[in-house]
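# A look at the structure
Given next are the chains, with one letter for each unit.
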Amino acid sequence: MNETVLRKSGMQYLIEKFGVVDAERFISLMIKENFDYTEWQKDLFADLSVEELFARGRAAQN
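Every value quoted in this text rests on a predicted model; they were computed, and no experiment measured them.

## Quick look at the overall build of the chain
- In terms of regular secondary structure, the chain is built from four helices and zero strands.
- When the helices and strands of the chain are listed from N to C terminus, the series reads α-α-α-α.
- Relative to the compact-globule value of 11 Å for 62 residues, the chain shows a C-alpha radius of gyration of 14 Å, a clear excess of over 25%.
- A burial count over the chain gives 5% of its 62 residues as buried.
- Distance between charge centres in the chain, computed from 8 positive and 11 negative side chains, equals 6 Å.

## Some remarks on the confidence of the model for the chain
- With 98% of its residues at a pLDDT of 70 or more, the chain shows a mean pLDDT of 87.
- Looking at the elements of the chain, mean pLDDT is at its lowest for helix 3 (residues 37–44), recorded as 79, and at its highest for helix 1 (residues 3–18), recorded as 94.

## Describing the packing of aromatic side chains
- The final tally for this structure, using the stated rule, is one aromatic pair.
- Their ring planes at 45° and their centres at 5.9 Å tell us that Phe18 and Phe26 sit as a pair that is tilted.

## Regarding helix 4 (residues 50–61)
- Here helix 4 spans 17 Å end to end across twelve residues, near enough to the 16 Å set by a 1.5 Å rise per residue.
- Among the twelve residues that make up helix 4, zero are buried, leaving the element largely open to the surroundings.

## What to know about a nonpolar patch on the surface
- Together, Met1, Val5 and Leu6 make up a nonpolar patch on the protein surface, roughly 340 Å² of accessible area in all.
- Note that Leu6 resides in helix 1.
- In this structure Leu6 comes out as exposed when scored by relative accessible area, which is 52%.

## Here's the deal with the layout of surface pockets
- Here the largest pocket is characterised by a volume of approximately 340 Å³.
- Around the largest pocket, the lining residues are Tyr13, Leu14, Phe26, Tyr37, Trp40, Gln41, Leu44 and Phe45.
- At the level of secondary structure, the elements contributing two or more residues to the lining of the largest pocket comprise helix 1 and helix 3.
- When residues in the lining of the largest pocket are grouped by element, the largest group, four residues, is from helix 3.
- Residues belonging to the lining of the largest pocket are distributed by class as follows: seven nonpolar, one polar and no charged.

Thresholds, definitions, all that
Residues numbered from 1 in each chain as written. Predicted model: local features only at pLDDT ≥ 70, side-chain atom pairs only at ≥ 80, totals over all residues. Heavy atoms only, no water. Helix = DSSP H or I, 4+ residues; strand = E, 2+ residues; numbered from the N terminus. Rg over C-alpha atoms; globule rule 2.2 N^0.38 Å. Buried < 20%, exposed > 50% of the residue type's maximum accessible area, 1.4 Å probe, protein only. Lys, Arg positive; Asp, Glu negative; His and termini not counted. Charge placed at Lys NZ, Arg CZ, Asp CG, Glu CD. pLDDT = per-residue confidence, 0-100. Phe/Tyr/Trp six-rings, centres within 6.5 Å; stacked < 30°, edge-to-face > 60°. Expected span 1.5 Å × (residues − 1). Patch = residues over 30% accessible without salt bridge, like charges linked within 9 Å, V, L, I, M, F, W, Y side chains within 5 Å. Areas by Shrake-Rupley, 256 points an atom, 1.4 Å probe, with all protein chains shown as cover. Salt bridge = Lys/Arg side-chain N within 4 Å of Asp/Glu carboxyl O. 1 Å grid on protein atoms, 1.4 Å probe; cavity = no way out; pocket = protein on both sides within 12 Å on 5 of 7 lines; lining within 4 Å. Points joined across faces, edges and corners; volume = space filled by probe spheres on them. Nonpolar A, V, L, I, M, F, W, Y, C, P; charged D, E, K, R; others polar.

Dropping the structure here:
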């Protein structure tokens, strides 16, 4: 998937989940904060086992 397709797909997903206004707010937050995605992801999934994380990923595909 090229970057253009990834951006478009990501924005469509955010709009579907949050609506236009909150999708834009989310993007704004990511841009203006000193944001380290890798560290954020570590904190986000810190309390999940590998099995639970896998199950959530599998569920999200369906």
